[in-house]
Every structure is written in C-alpha cells, then in structure tokens.
Amino acid sequence: MAANRFAVAQEDQPGSSDRPEKGDLLVVSEGERAGDVIKIDDLKLGDPPLHAWPKDPKTSVIRNGSRLNEILVMRLDLAEMDEETRSRSAEGIVAYSAICTHAGCSVTGWLKSETGDKDVLKCFCHNSEFDPRERAQVVFGPAPRRLPALPLAIADGSLTIAATFVGKIGAQQPG
C-alpha cells in the first residue's frame, strides 16, 4: 500500500516522464521492493528479468510517468552473448525496453522459445519472442524489429545507464 502511494506521488513530479539519461540509476518498478535501487548482486544468472524504472540520481525523481520508460533488466551468461550485446552489458547484465515493437504491449514473459531451448523474452499479446543474448532480436512472432537496448555501466555496485536507448521504443506508427 505504501509503495502505491509512493508511485502516485512520483508520477506528478517534474521529470518523471523524461526518457532515461546517461547516469540514471535503475530501481525496481513493482512489488514490495518498488523504488529500491538495483544492485548488481540482486540479479542472478538465469533469473527472470526485473522490471525497472530509471531514476535521476540528482533529483531522485523516478522516471515512471511514461510506460515507455519501463525496462527489463537481467543477468545472462557472457559466453552466450553476441559481441554487440556484450559491449552494452555490465558484467553480463543487460537492459531492454519492456515495450513490444509490434503493437506496444508490455513484454512480461521469460520462458522457453517456440523455436529453441533457451529462455526468451515474450510478449503474450501476439506471441512475439526476443532473444536477449543477441540484441533482443525477434525469434518468433509478428514483431517487426528487436527491442531497444539500454547500455549499462556499474557505479559503486549499482547499475547505471551508460547511454540512451539504442533503437526506437514501442510499436511502428502507421505511415
């Protein structure tokens, strides 16, 4: 209950809808740990992704005023990552937009792929699947492009954003 009041108060703050910026911290976006800064030790190899929001370290504003800012954060085996994914990771921890590139639904699944034996990120709305080890490329379903990646760094044991999203967030707009 207190976490819900905290989230409502945060959404009205100036800057809460701003996109993630270099130097932002990552905080847990849901559950009893909502608002807690994510430490590298919080992420275990093979665990499902944590849902996170960026947080401005200067103002302490959590950028949760737009659903386009929700991020999936997980630890993967460095040996299974392609070179580009590895270059954006911090000690095997990667981050991607939680918004599907097909219809803008939330990507919430972490399960075995329809086409292989590895766990993938899944959007249950239209069954798109993304491989987080290979730049979150589409491996199944109608999504037209990969999930945007968020390069990470580590500062004082906490995850920080190293650069802005690589790729366009959300669904393609009808042209």
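Residues numbered from 1 in each chain as written. Predicted model: local features only at pLDDT ≥ 70, side-chain atom pairs only at ≥ 80, totals over all residues. Heavy atoms only, no water.

Peer 1: So what exactly am I meant to see when it comes to the overall build of the protein here?
Peer 2: Within the protein one finds 2 helices and 10 strands. Scanning the protein from its N terminus toward the C terminus, one meets helices and strands in the order α-β-β-β-α-β-β-β-β-β-β-β. On C-alpha atoms alone, the protein measures out to a radius of gyration of 15 Å, which is about the 16 Å that the 2.2 N^0.38 rule sets for 175 residues. Considering only C-alpha atoms, the protein reaches an extent of 45 × 40 × 30 Å along its principal axes. Burial status across the protein gives 47% buried among its 175 residues. Contacts spanning at least 24 positions in sequence make up 54% of the contacts within the protein whose residues lie at least 6 apart. For the protein, the exposed area adds up to about 8,500 Å²; of that, 50% sits on carbon and sulfur atoms. (Helix = DSSP H or I, 4+ residues; strand = E, 2+ residues; numbered from the N terminus. Rg over C-alpha atoms; globule rule 2.2 N^0.38 Å. Buried < 20%, exposed > 50% of the residue type's maximum accessible area, 1.4 Å probe, protein only. Contact = heavy atoms within 4.5 Å. Areas by Shrake-Rupley, 256 points an atom, 1.4 Å probe, with all protein chains shown as cover.)

Peer 1: Looking at this structure, I do not really get the sheet that holds strand S8 (residues 137–140). What am I missing?
Peer 2: Across the sheet, which stays open at both edges, the 4 strands sit in the order S5-S6-S7-S8 with antiparallel pairing between neighbours. The two strands at the open ends of the sheet, each matched to only one other strand, are strand S5 (109–112) and S8. Neighbour to neighbour, the strand axes of the sheet diverge by 45° on average, direction disregarded. When S5 meets strand S6 (residues 119–123), the two strands line up antiparallel, connected through 4 bridges. Paired with Trp110 across the bridge in S6 is Leu121. (Pairing = 2+ DSSP bridges. Axes fitted to C-alpha atoms, helices over the stretch in contact; angles between N-to-C directions.)

Peer 1: Looking at this structure, I do not really get the pattern of salt bridges. What am I missing?
Peer 2: When charged atoms on two side chains of opposite charge get close, those side chains can pair. Tallying each qualifying case throughout the model produces 15 salt bridges. Across the pair Asp36 and Arg33 runs a salt bridge whose closest N-O atoms are separated by 3.5 Å. When its relative accessible area of 34% is taken as the criterion, Asp36 is described as partly exposed. Where Arg133 meets Glu80, a salt bridge forms, and the shortest distance between an N and an O atom there is 3.1 Å. Note that Arg133 is positioned in the loop between strand S7 (128–131) and S8 and Glu80 in the loop between strand S3 (71–75) and helix H2 (83–88), a separation of 53 residues in sequence. By relative accessible area, which is 36% here, Glu80 ends up partly exposed. When salt bridges with common partners are traced through the structure, they connect Asp18, Glu21, Asp24, Asp56 and Arg63 into a single cluster. (Salt bridge = Lys/Arg side-chain N within 4 Å of Asp/Glu carboxyl O.)

Peer 1: Just checking my understanding: could you explain the confidence of the model for the protein for this structure?
Peer 2: Any residue range with low pLDDT should be treated as having predicted coordinates unsuitable for detailed reading. Overall, the predicted model of the protein reaches an average pLDDT of 91, with 91% of residues at or above 70. Within the protein, the element-level pLDDT minimum falls on helix H1 (residues 2–11), averaging 48, and the maximum on strand S4 (residues 93–97), averaging 98. Taken as a whole, residues 1–11 scores under 50 in pLDDT and shows 11 contacts with residues more than four places along the chain or in a different chain. (pLDDT = per-residue confidence, 0-100.)

Peer 1: What am I meant to see in unusual backbone geometry here?
Peer 2: Working note: non-glycine residues mostly have negative phi, and peptide bonds are mostly trans. You will see that Asn127, though not glycine, has its phi angle at about 70°, which is positive. Structurally, the position occupied by Asn127 is in the loop between S6 and S7. The phi angle at Arg135 is positive, at roughly 55°, despite the residue not being glycine. Relative to the assigned elements, Arg135 resides in the loop between S7 and S8.

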